[in-house]
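Residue-level listing of the chains:
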Amino acid sequence: MKHVFLCFVLLFLGSTTAVRGETLSELQQRAESGDSDAQYDLAMRYWEGKKGAPKDDSKAFYWAKKAAEQGNAYAQSWVGYFYENAYGTARDFGEAAYWYRRSADQGNRFSQNNLGECYYYGRGVERSYEKAVLWYKKAADQEFPSACYNLGWCYENGEGVASNRSLAISYYRKAAASGNEDARQRLSKLGLSADGSSTTSASTASTSSSSSGSHVDPSTLANAQSGIDVSQYVLGQQYFDDGNYEQAVYWWRQAAKQGYGKASLKLGDCYHDGVGVDRNVTTAAHWYTEAAEQGEREACFKLGTCYETGVGVIKDYQIAVKYYDKGGYLTASALCSRKWLQQYRSGFDYAAATAGELRSRANNGDALAQCHLGLLLYADEKTTEAKEWFKKCAANTRANNLSKTIAKKYVDQIEEADEEAAEMFELFFGF
């Protein structure tokens, strides 16, 4: 699914209560007196960096939240957006979903669509395709193009609703008529145009389950059609080997819907590389997530890379580290932890520093340098020396909480690995 983040049209969302020619100081006085419309207008000035206000995300967030707390639906939608994307505040998907809901409950179609996105991807709420569809529908009923596209996707793929190709096409056309390019591309892929005409005589070829290629085994096809997940996965591979990539995607999707992790991983690869489907890195990340949660190690690495680089998801080093650890990719985790440590710092770039530069600072009691040096040595498989620097960081009274947490984690990890190695040595050599 193409994840369409909230793209606010500033003029459309702009308050109509602003006093013509009002100066920044005059607007601020009204905002400080508790006028929620003025607070919202002031937030938008700081967000845009216009009308006498400097560009300041922190102040934009501050005043938007003031207005949101008084029930301003537009401000609530913005606060959700700020929390989701870490503008002016720390990223918090739970808070984002909370504010989207408050705004959505007032009928704001932007927030209804974005709350649907939260449920679709499980951001800040428990994943639920059914609830995603509910909120997409509310926004689509208000002619919001992105919601129409999202709802079409759900109907096409049977996510949260029974699969219904006719309804999917109807919503895609509704979105396309409002200028949604994703919907136009999807209709084209289905062999249709936005105006209802057909562009190919084989518009349903990508979901046909009866065609076969030279590598397709009839018994595997029969088992796949009867709903056996492993057969659906194997059939997808047979179609892939035969060069019928769209059929491969179709069968891998059927297996993935049943929780077959290897199929989810294959789908992620197809969307990432644009094989058999339009390239869509957001949907790739979604399927990598499914596969990772089903225990596929390779998916953990690929998803970690997505979060580390911000491809298909919002960049988040902490989540990247989580998935690298889950898959057992310890070197990748250590190197990404360095970026995580550096994320909220200015000045000296510890993450880019050499071992020599870090050692010099570490010897002078710099706790952050001690942790970075430990991570660099650990990634270079020099675990004994790395452990000593991690211990120094953990004991350093000037170390921040994150540095200490990471240092202690690696001390425990190294000691556990040493114990396992000793047990294996004793098992094989008897002493």
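Analysis parameters
- Residues numbered from 1 in each chain as written.
- Predicted model: local features only at pLDDT ≥ 70, side-chain atom pairs only at ≥ 80, totals over all residues.
- Heavy atoms only, no water.
- Helix = DSSP H or I, 4+ residues; strand = E, 2+ residues; numbered from the N terminus.
- Contact = heavy atoms within 4.5 Å.
- Areas by Shrake-Rupley, 256 points an atom, 1.4 Å probe, with all protein chains shown as cover.
- Buried < 20%, exposed > 50% of the residue type's maximum accessible area, 1.4 Å probe, protein only.
- Arc of directions from axis to C-beta.
- Patch = residues over 30% accessible without salt bridge, like charges linked within 9 Å, V, L, I, M, F, W, Y side chains within 5 Å.
- Salt bridge = Lys/Arg side-chain N within 4 Å of Asp/Glu carboxyl O.
- Lys, Arg positive; Asp, Glu negative; His and termini not counted.
- Charge placed at Lys NZ, Arg CZ, Asp CG, Glu CD.
- Axes fitted to C-alpha atoms, helices over the stretch in contact; angles between N-to-C directions.
- Parallel < 35°, antiparallel > 145°, perpendicular 65-115°, else oblique.
- Left-handed = near helix turned anticlockwise from the far one by under 90°.
- Nonpolar A, V, L, I, M, F, W, Y, C, P; charged D, E, K, R; others polar.
- Phe/Tyr/Trp six-rings, centres within 6.5 Å; stacked < 30°, edge-to-face > 60°.
- Lys NZ or Arg CZ within 6 Å of the ring centre and 35° of its normal.

*Asks:* Explanation requested: the overall build of the protein in the structure shown.
*Replies:* Counting secondary structure elements, the protein contains 23 helices and 0 strands. A fraction of 49% describes how many contacts in the protein between residues 6 or more apart in sequence connect residues 24 or more apart. When the accessible surface of the protein is split by element, carbon and sulfur atoms take 49% of a total near 19,900 Å².

*Asks:* So what exactly am I meant to see when it comes to the side chain of Asn 157 here?
*Replies:* Within the secondary structure layout, Asn 157 lies in helix H9 (residues 145-157). Setting aside residues up to four positions removed in sequence, Asn 157 forms contacts with Arg 253 and Lys 257.

*Asks:* I would appreciate a short explanation of helix H2 (residues 24-32) in the present structure.
*Replies:* Given 3.6 residues per helical turn, the α-helix brings residues three or four places apart onto the same face. Along H2, the residues classified as buried are Leu 24, Leu 27 and Ala 31. One face of H2 carries all of its buried residues, which in axial projection span an arc of 65°. Of the exposed residues in H2, those oriented more than 90 degrees away from the buried face are Gln 29 and Glu 32. In this structure, the buried residues of H2 make contact with helix H3 (36-48) and helix H4 (57-69). Positive phi shows up at Gly 34, right after H2, with a value of about 105°.

*Asks:* Any chance you could explain a negative patch on the surface here in plain terms?
*Replies:* Where like charges cluster on the molecular surface, the negative patch consists of Asp 412, Glu 416, Asp 418, Glu 419, Glu 420 and Glu 423. With respect to the helices and strands, Asp 418 occurs in helix H23 (residues 401-429).

*Asks:* Sorry, what's going on with the packing of helix H5 (residues 73-85) against helix H6 (residues 93-104) here?
*Replies:* Packed helices, taken two at a time, are described by the angle between their axes plus the distance between the axes. The contact between H5 and H6 brings their axes to 8 Å, and the two run at 165°. The orientation of H5 relative to H6 falls into the category roughly antiparallel. Viewed along their axes, H5 and H6 form a crossing whose handedness is left-handed. Contacts from Ala 73, Gln 76, Ser 77, Val 79, Gly 80, Tyr 81, Tyr 83 and Glu 84 in H5 reach Phe 93, Glu 95, Ala 96, Trp 99, Tyr 100, Arg 102 and Ser 103 in H6. Residues that form the contact of H5 with H6 fall into these classes: 8 nonpolar, 4 polar and 3 charged.

*Asks:* Could you clarify how one ought to interpret the packing of aromatic side chains in this entry?
*Replies:* For any pair of aromatic rings, geometry is given as the distance between the ring centres together with the angle between the planes. Taken as a whole and judged by the stated rule, the model has 29 aromatic pairs. Geometrically, the ring pair formed by Phe 61 and Phe 82 is edge-to-face, given 6.4 Å between the ring centres and 65° between the ring planes. Here Phe 82 lies in helix H5 and Phe 61 lies in helix H4, a separation of 21 residues in the sequence. Joined through ring pairs, the aromatic side chains of Trp 47, Phe 61, Trp 78, Tyr 81, Phe 82, Tyr 83 and Tyr 87 make up one cluster. Of note, Arg 297 hangs over the ring of Tyr 329, and the distance from its end group to the ring centre comes to 4.6 Å. The ring of Phe 348 is capped by Arg 361, whose NZ or CZ atom sits 3.6 Å from the centre of that ring.

*Asks:* Which parts of the structure should I look at to understand the packing of H2 against H3?
*Replies:* It is the contact of H2 with H3, at a shortest axis distance of 8 Å, that shows an interaxial angle of 135°. If you check the angle between H2 and H3, you find them oblique. As for the relative orientation of H2 and H3, their crossing is left-handed in sense. Judged by residue contacts, Leu 24, Leu 27, Gln 28, Arg 30 and Ala 31 of H2 engage Ala 38, Gln 39, Asp 41, Leu 42, Arg 45 and Tyr 46 from H3. Considered class by class, the residues forming the contact of H2 with H3 number 6 nonpolar, 2 polar and 3 charged.

*Asks:* What am I meant to see in the environment of Lys 262 here?
*Replies:* Here Lys 262 is to be found in helix H15 (residues 261-273). A relative accessible area of 39% means that Lys 262 is categorised as partly exposed. Along the sequence, Lys 262 and Val 230 sit 32 residues apart, while their C-alpha atoms lie 9.3 Å from each other. Non-local contacts of Lys 262, meaning those with residues more than four positions away in its chain, are made with Tyr 233 and Glu 296.

*Asks:* What is the right way to read a nonpolar patch on the surface from this model?
*Replies:* A surface patch of nonpolar side chains, about 190 Å² in accessible area, is lined by Ile 228, Val 230 and Val 234. By secondary structure assignment, the location of Ile 228 is in the loop between helix H12 (218-225) and helix H13 (229-241). Of the residues examined, Ile 228 reaches a relative accessible area of 35% and is grouped as partly exposed.

*Asks:* Help me understand the pattern of salt bridges in this model?
*Replies:* As a working rule, side chains carrying opposite charge can pair if their charged atoms are close by. Summed over all chains, the structure comprises 17 salt bridges. In this structure, Lys 50 and Glu 48 form a salt bridge, with 3.9 Å as the shortest nitrogen-oxygen distance. Bridged by salt links that share partners, the residues Glu 22, Arg 30 and Asp 35 form one connected network.

*Asks:* Sorry if this is basic, but what is going on with unusual backbone geometry here?
*Replies:* Excluding glycine, residues mostly carry a negative phi; peptide bonds, for their part, are mostly trans. The backbone phi angle of Lys 51 is positive, close to 55°, even though this residue is not glycine. The topology assignment puts Lys 51 in the loop between H3 and H4. Look at Lys 51 and you get exposed, because its relative accessible area is 64%.

*Asks:* How do you make sense of the environment of Gly 365 when you look at a structure like this?
*Replies:* As for its position among the elements, Gly 365 is in the loop between helix H20 (355-363) and helix H21 (367-379). Classification of Gly 365 by relative accessible area gives buried; the value is 15%. Discounting chain neighbours no more than four positions away, the residues touching Gly 365 are Gln 370, Asn 396 and Arg 398.

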